[in-house]
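Structural features, examined
Listed below are the residues making up each chain.
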Amino acid sequence: MKFKTIIEPFKIKMVEPILMSTEEMRIQFLKDAHYNTFLLSSDQVIIDLLTDSGTSAMSNTQWSGMMLGDESYAGASSWFKLEKSIRDLTGMPYILPTHQGRAAERILYGTIGRKGKTFISNTHFDTTRANIEFSGAEAIDIPVKIENSNEHFRGDMDVDQLKELIKIKGAENIAAVILTVTNNSGGGQPVSMKNAKEISEICKAHHILLILDGCRIAENSYFVKHYESAYHDYSYRDIAIELCTLADGFVMSAKKDGMVNMGGFLALRNQELADACKNLLIITEGFTTYGGLSGRDMEALAIGLVEVFHPDYLHYRIVSTTYLGEHLHKLGVPVILPVGGHAVYIDAAKMYPHIPLDEYPGQALVGEMYRVGGVRSVEVGSVMFGKYDEQGKLIPAARELVRLALPRRVYTQSHLDYVIEVFEHLMKEKSNVRGYKITKETKFLRHFTAHFIPLQSELVEQKVI
Ligand code: F0G
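Residues numbered from 1 in each chain as written. Predicted model: local features only at pLDDT ≥ 70, side-chain atom pairs only at ≥ 80, totals over all residues. Heavy atoms only, no water.

As a further point, take the sheet that holds strand 14 (residues 401-405). Pairing within the open sheet is antiparallel, and its three strands lie in the order 9-14-11. At either end of the open sheet lies a strand with only one pairing partner, and these are strand 9 (343-347) and strand 11 (378-380). Sheet twist, expressed as the average angle between the axes of neighbouring strands with direction ignored, equals 30 degrees. Here strand 9 pairs with strand 14 via five bridges, running antiparallel. (Pairing = 2+ DSSP bridges. Helix = DSSP H or I, 4+ residues; strand = E, 2+ residues; numbered from the N terminus. Axes fitted to C-alpha atoms, helices over the stretch in contact; angles between N-to-C directions.)

A separate point is unusual backbone geometry. The peptide bond linking V181 to T182 adopts the cis configuration, its omega dihedral lying at -15 degrees. In this chain, L337 is followed by P338 through a cis amide linkage whose omega measures -5 degrees. Along the chain, P338 falls in the loop between helix 12 (311-330) and strand 9. A positive phi angle, close to 55 degrees, is found at H34, a residue other than glycine. Mapped onto the fold, H34 is located in the loop between helix 1 (23-32) and strand 1 (47-48).

As a further point, take the environment of C244. Inspection of the secondary structure assignment puts C244 in helix 9 (residues 236-245). Residue C244 is classed as buried on the basis of its relative accessible area of 0%. With 229 residues separating them along the chain, C244 and V15 place their C-alpha atoms 37 Å apart. Ignoring any residue separated from it by four or fewer positions in sequence, one finds C244 in contact with L89, T90, M92, L212, I217, F250 and R269. (Buried < 20%, exposed > 50% of the residue type's maximum accessible area, 1.4 Å probe, protein only. Contact = heavy atoms within 4.5 Å.)

Following the sequence through the fold, E379 ends up in strand 11. Within the structure, E379 has its side chain in polar contact with the backbone nitrogen of V383 (distance 2.9 Å). A distance of 3.1 Å separates the side chain of E379 from the backbone nitrogen of M384, its partner in a polar contact. Excluding residues within four positions of it along the chain, E379 makes contact with G362, Q363, V366, M384, E400, L401 and V402. (Polar contact = N/O pair within 3.5 Å; in protein donor to acceptor, adjacent residues only side chain to side chain.)

Residues in contact with the ligand amount to 17 residues; listed here are only the nearest, T51, R102, D213, S253 and K256. For the ligand, an oxygen atom lies 2.9 Å from a polar atom in the backbone of G101. Here R102 contributes a side-chain N or O atom positioned 2.6 Å from an oxygen atom of the ligand. Protein contact buries 93% of the 480 Å² of open area that the ligand shows by itself. Each residue belonging to the shell around the ligand can be placed in one class, and the counts come to two nonpolar, eight polar and seven charged. (Near = heavy atom within 4 Å. Areas by Shrake-Rupley, 256 points an atom, 1.4 Å probe, with all protein chains shown as cover. Nonpolar A, V, L, I, M, F, W, Y, C, P; charged D, E, K, R; others polar.)

Here we take up the domain arrangement of the chain. The assigned domain composition of the chain is domain 1 (23-52 + 310-464) and domain 2 (60-307). When each unit is reduced to the centre of its C-alpha atoms, the spacing between domain 1 and domain 2 is 28 Å. Taken residue by residue, the interface counts 22 residues in domain 1 and 21 residues in domain 2. Both sides together, the interface formed by domain 1 and domain 2 hides about 1900 Å², and carbon and sulfur atoms give 53% of it. In terms of surface lost to domain 2, no three residues of domain 1 exceed L314, P338 and R408, which account for 27% of the buried area on that side. (Domains from an automatic or database assignment. Buried area = accessible area lost by both parts, 1.4 Å probe.)

Turning to helix 1, its buried residues number three or more, namely R26, I27, F29 and L30. Buried residues of helix 1, viewed axially, fall in a sector of 165 degrees; they line one side. Of the exposed residues in helix 1, those oriented more than 90 degrees away from the buried face are E24 and D32. Following helix 1 by one or two positions, H34 adopts a phi angle in the positive range, close to 55 degrees. (Arc of directions from axis to C-beta.)

If you want it as structure tokens, here you go:
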């Protein structure tokens with residue numbers, strides 16, 4: 001018998017209470033946090049959709065694995081388990097453990113990047129770009145254009161642009177092509193195997209290093225299995241293994257599909273490159289058999305990398321994200337469609353067309369979600385990526401998005417129903433919402449610490465000021 005109700009494929013053994021704050025309390029919390037939800041304390045949040053990174057709930061098997069953690073400095077048994085688990089997935093011989101994804105990025109891109117070199121990606125994540133630029137190299141994004149894309153794989157890389165860039169820059173000046181699966185900064189959209197194969201062939205023909213940023217590789221495999229007919233009969237894990245055969249290296253923030261709260265690694269095929277990276281690893285992360293990880297973390301990650309491919313888990317995972325996205329879409333919320341794997345992205349400029357871009361419609365939506373329902377999300381728009389011109393006028397980001405990222409195995413359907421109900425209220429009050437002005441900011445990554453004040457909203461004036 002087939003049931004239409006898809007349940008969370010787990011039982012809850014340990015719970016973390018949520019403080020059910022009132023709107024009045026949240027208005028004060030928001031004011032105290034200078035209207036920046038990064039500055040809230042987590043117990044002021046009812047549903048935390050800030051990120052899916054490091055926020056997963058671990059399984060009983062992972063927790064029991066932690067008790068076996070071998071904390072030896074060199075040659076810990078936990079390391080050999082982790083190394084095997086990563087080799088079985090990536091097929092790559094050289095594995096370097098790191099404390100999180102950006103450490104692996106810094107080691108690899110710091111080794112192969114320098115002034116005059118170019119990195120090309122479907123979309124560089126912000127830490128990836130920062131590490132590349134820190135090395136002196138440049139980072140160019142070439143996401144597929146929507147009009148040329150397969151509707152299920154909007155995370156693909158633009159193959160024609162890749163060929164063109166190789167001609168312009170010269171293959172010898174391209175340090176690496178980085179394929180990010182799924183494409184987080186590009187709306188969490190998946191990448192097709194077809195696209196990955198084309199890119200791999202081009203890179204091989206020009207002797208260019210192809211790196212996978214695979215922090216959401218299991219979620220990407222779900223879309224490949226269901227939307228690329230050649231892969232219908234494959235297991236999710238075999239799809240991921242095949243994807244890895246196309247690349248020369250693999251960088252992973254294990255805080256996503258590794259199902260752990262901290263961890264990362266770098267896997268490589270080339271011994272010379274691995275040796276150069278190991279030097280940096282030892283200087284900055286730790287010895288080669290633990291990197292930045294404790295033995296117990298390595299045990300949990302070795303198990304997480306297997307659990308994440310379980311069909312019941314992955315089905316529940318993608319169905320939950322789609323459930324949230326489709327219900328919001330039905331309410332008329334301008335959701336980016338199709339919904340990606342780990343998050344629902346909302347176009348805040350479309351939701352609040354009356355708020356000018358230099359009054360940050362995305363930040364306004366983030367503030368409203370918190371005020372109305374205690375739901376925390378993140379702006380991925382002009383607060384995060386905006387720059388100023390010489391006159392101090394804002395050059396807005398390409399898009400004003402708000403990301404609702406779902407932690408893995410943490411929230412149930414009723415939590416998501418609550419978020420949907422919050423949006424019912426937000427849609428009714430849409431035209432009353434006003435934007436924000438930034439009163440304090442840092443030069444880099446200002447979104448983490450900026451202070452805001454709300455602009456003359458009647459609602460805000462009555463209740464806050
Ligand atoms: N690559 C991608 C595609 C990511 O999404 C992230 C992190 C990283 C690299 C860096 O990994 O955080 O372990 O150092 N993304 C988080 C997010 C922060 O919220 O999307 P890290």
